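# Structure at a glance
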Amino acid sequence: MNRRNFIEKSTFAVAAMGMPAIVPSSVFGKNAPSNRITVGMIGTGRQGFGQNMQGSGDGKKEMRIPGLFDLDEAQVVAVCDVDSWRMGQAKTAVDAHYAKKSPTGSYKGCAAYTDFREIIARKDIDAVMISTPDFWHVPMGIMAAKAGKHISCEKPLSMSVHQGRQLVDALEKYPVVNRTDSEFRSVRQQNQAVEMVRNGRIGKLQKIEIMFPADPDPVPPQADMPVPKELNYDLWLGPMPHVPYTDMRVHTPFDMKKRPNWMRVDNYAQGMIANWGAHYFDLAQWANNSEYSGPAEVEGKGEFPKSLWNSMINFEVTYRYANGVEMTCLQSPVSKPSIRYIGSEGWIFIENYPGTVSASNPKILLSKPGAGELDLSQTLWDKIDFIEAIKTKRKTLEPIEIGHRTISIAQIGLIACQVGGKLKWNPDKELFEGNNAANALLAAPIARKEWAM
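Residues numbered from 1 in each chain as written. Predicted model: local features only at pLDDT ≥ 70, side-chain atom pairs only at ≥ 80, totals over all residues. Heavy atoms only, no water.

### A word on the overall build of the protein
Just so we agree on the cut-off: Secondary structure elements follow DSSP: runs of H or I no shorter than four residues count as helices, runs of E no shorter than two count as strands, and numbering proceeds from the N terminus. Radius of gyration: over C-alpha atoms. The globule rule applied is 2.2 Å multiplied by the number of residues raised to the 0.38 power. When a residue's accessible area, from a 1.4 Å probe over protein chains only, is under 20% of the maximum for its type it is buried; when over 50% it is exposed; and in between it is partly exposed.
When you go through the protein residue by residue, the secondary structure sums to 13 helices and 17 strands. For the protein, whose C-alpha radius of gyration is 22 Å, the value lies close to the compact-globule estimate of 22 Å for 453 residues. Along the three orthogonal principal directions, the C-alpha set of the protein runs to about 65 × 60 × 40 Å. Counting only residues that meet the buried cut, the protein has 59% of its 453 residues in that class.

### A look at the pattern of salt bridges
The condition that has to hold: One speaks of a salt bridge when a side-chain nitrogen belonging to Lys or Arg is within 4 Å of a carboxyl oxygen belonging to Asp or Glu.
Taken as a whole, this structure holds 28 salt bridges when the rule is applied. Of the charged contacts, one joins Asp-70 and Arg-64 as a salt bridge, the two residues approaching to 2.6 Å between their closest N and O atoms. Assessed through its relative accessible area of 8%, Asp-70 is described here as buried. Owing to a relative accessible area of 16%, Arg-64 belongs among the buried residues under this scheme. Across the salt bridge formed by Arg-340 and Glu-209, the nearest N and O atoms sit 3.6 Å from each other. You can see Arg-340 sitting in strand E13 (residues 338-343) and its partner Glu-209 sitting in strand E9 (residues 205-211), a full 131 residues away along the chain. By relative accessible area, Glu-209 is classed as partly exposed at 27%. Each of Lys-207, Glu-209, Glu-297, Glu-299, Arg-320, Glu-326, Arg-340 and Lys-424 takes part in a single network of salt bridges with overlapping partners.

### Regarding the sheet that holds strand E5 (residues 111-113)
The condition is simple: Strands are labelled as partners when DSSP assigns at least two bridges between them. Helix axes are fitted to C-alpha atoms over the stretch in contact, other axes to C-alpha atoms as well, and angles between N-to-C directions run from 0 to 180 degrees. Any two residues whose heavy atoms approach within 4.5 Å are treated as being in contact.
What the six strands build is an open sheet, ordered E5-E4-E3-E6-E7-E8; its pairing is parallel. In this open sheet, the two strands that pair with only one neighbour each are E5 and strand E8 (178-181). In this sheet, adjacent strand axes meet at a mean angle of 25° when their direction is disregarded. Both strand E7 (residues 150-154) and E8 contribute to a ladder of four bridges, which runs parallel. Residue Cys-153 lies in a different strand from E8, and its bridge partner there is Thr-180. Of the strands in this sheet, strand E3 (37-42), strand E6 (127-130) and E7 are in contact with helix H5 (residues 137-146), which crosses E7 at around 170°. In the packing of helix H11 (residues 382-392) onto the sheet, the strands contacted are E3, strand E4 (74-80), E6, E7 and E8, and the crossing angle to E8 comes to about 175°.

### Some words on unusual backbone geometry
For the peptide bond that leads from Lys-155 to Pro-156, omega is -15°, which places it in the cis range. Summarising the element assignment, Pro-156 is placed in the loop between E7 and helix H6 (161-173). Each neighbour pair has its own omega, and for Tyr-353 with Pro-354 the value is 5°, a cis peptide bond. Positionally, Pro-354 belongs in the loop between strand E14 (346-351) and strand E15 (356-359). Of note, the phi angle at Asn-289 is positive, near 55°, even though the residue is not glycine. The backbone phi angle of Asn-352 is positive, close to 65°, even though this residue is not glycine. Along the polypeptide, Asn-352 turns up in the loop between E14 and E15.

### Observations concerning the sheet that holds E14
Read from one edge of the open sheet, nine strands run E15-E14-E13-E9-E12-E11-E10-E16-E17, paired in mixed fashion. The open sheet is flanked by E15 and strand E17 (431-432), the only strands paired with a single partner. In the sheet, E14 pairs with E15 via four bridges, with the strands oriented antiparallel. Within the sheet, the bridge partner assigned to Ile-348 lies in E15 and is Ala-359. Sheet strands touched by helix H7 (residues 188-198): E9, E13, E14 and E15. Its angle to E14, the strand with the most contacts, is close to 165°.

### As for H6
Each turn of an α-helix holds 3.6 residues, which means side chains three or four residues apart point in the same direction. For clarity, the threshold we go by: Every helix has an expected span of 1.5 Å times one less than the residues it contains.
Over its 13 residues, H6 runs 19 Å from end to end, which matches the ideal 18 Å to within 8%, given 1.5 Å per residue. If you check which residues of H6 are buried, you get Val-161, Gln-163, Gly-164, Arg-165, Leu-167, Val-168, Ala-170 and Leu-171. On its buried face, H6 sits against H5, E7, E8, helix H12 (400-419) and strand E16 (423-426).

### Considerations on the side chain of Asp-247
As a reminder, the rule being used: In summary, the charge assignment counts Lys and Arg as positive and Asp and Glu as negative, without counting His or the chain termini.
Looking at where Asp-247 falls in the secondary structure, it is placed in the loop between helix H8 (233-237) and helix H9 (272-275). Comment: no salt bridge for buried Asp-247; closest opposite-charge side chain is Lys-258, at 8.3 Å. Not counting residues up to four positions away in its chain, the partners in contact with Asp-247 are Met-225, Pro-253 and Asn-261.

### Overview of helix H2 (residues 46-54)
Where H2 is concerned, the buried positions are Gly-48, Phe-49, Gly-50, Gln-51, Asn-52 and Met-53. The positive-phi residue at the C-terminal boundary of H2 is Gly-55, with phi of around 80°.

### Digging into the pairing of E13
One ladder, built from six bridges, connects E9 with E13; its direction is antiparallel. Within E13, the residue paired with Ile-210 across the bridge is Ile-339. With six bridges joining them, E13 and E14 adopt antiparallel strand pairing. Bridge pairing in E14 places Ile-339 opposite Ile-350. Linking two consecutive strands that pair antiparallel, namely E13 and E14, is a turn of two residues.

### So, the state of the cysteines
Operational definition: Any two cysteine sulfur atoms within 2.5 Å of one another count as a disulfide.
Throughout the structure, instances matching the rule amount to zero disulfides. In this model Cys-110 remains outside any disulfide bridge; the closest cysteine sulfur is found in Cys-80, 11 Å from its own. Among the cysteines around Cys-417, which has no disulfide bond, Cys-329 carries the closest sulfur, lying 7.7 Å off.

### Overview of the nonpolar core
Formally: We define a nonpolar core as any set of buried Ala, Val, Leu, Ile, Met, Phe, Trp, Tyr and Cys residues linked to one another through side-chain atoms lying within 4.5 Å.
Ranked by size, the top nonpolar core spans 101 residues in total, and within it Ile-151, Ile-210, Phe-281, Tyr-319 and Tyr-341 carry the most contacts. Among the elements that make up this core, the one with the highest residue count is H12 (nine residues). Ile-65, Met-87, Trp-381 and Phe-386 belong to the second-largest nonpolar core, a separate cluster that totals 30 residues.

All quantities given are derived from atomic positions and should not be read as evidence of function.
Shown next as structure tokens:
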């Protein structure tokens, strides 16, 4: 089912500008509460509270990306966070949102939990939206799959190649609808470039050049701080080793807008190569028609700060595919996000987000898909895709297998920078050929065994 067909039968109408608008739920009898997909939000920080639940952009000056609140076919019934302030903000927002839709003008039906296992245990919850720090994604995803919950999981999907494969294997055993939560595939500037590359508008694809945005300066080691009363720090750490609390390791208290600090600490995330790589490597794999595979060779170099914020920065990594395509990725102190596709007959360049598009020949950008060619113009937005896939029992646009393959590229690039030299990668076996030191880094051991899967 394409976007057009789904829009005709969903809560969205497409305005002249091409953006979705909410249709009153009274129009859709099938969207009565008893027919909705019930969703539990696991993690209600900046991404979970904002992008995933409420959506972003006003649809006028800014592109509107719908969140779960925009979908009358879904209903958020529970929120969970180890930070009670964030959890309280989310519960208040959910109750206020559904109060506006209620005939009585009142709604108090959103449950709030500190421990995500309480959401997973609820039989009346159909799906979970996992919007936690990266190191929690796989343990939570496996538990949710075992409980029969449909899963939309934030990117980057995992902390290691082996860990990501564990989640994919679990989803084969417990076949629930699953999606890697990323909106880039739905952004027209981005998927149109993929469409044109796949349809041969720049000839044979030869090279992909990716630039990642610059990181802020790493912060030095920090003094220990008392754990804020609103934070269950032990549960926040979960499978990771216990270390003293400092807010520069976790997130800024009472703030939903700042990028969280854990994103720059290598126990909890893998830096910009994974954070933006989860977008750009996905698009590159899609354009190269290798989204269920990967490169055959990788080499790179990068800096590893000796500080609290110790994720790799200022890196340069090169990947080579068996079909001859070369992909380079670069981050510097002044770099800005972009991706360039270079073919035998031209190039397409998308700079920044959502993207300013240019090409070696402007006529390339005017081309339309012909009969039998790939047409991505009706691609659903990520949350709509997830809910519609549950309703119709089909695969999502970006299953977790694809998200795993995507983030594996970041992870083998990181390993190449750690061990040095050129590494041969076998994407079928997901192993380096003839390099035990590199293979030893493919797993991310869980320090606290009670969280082992």
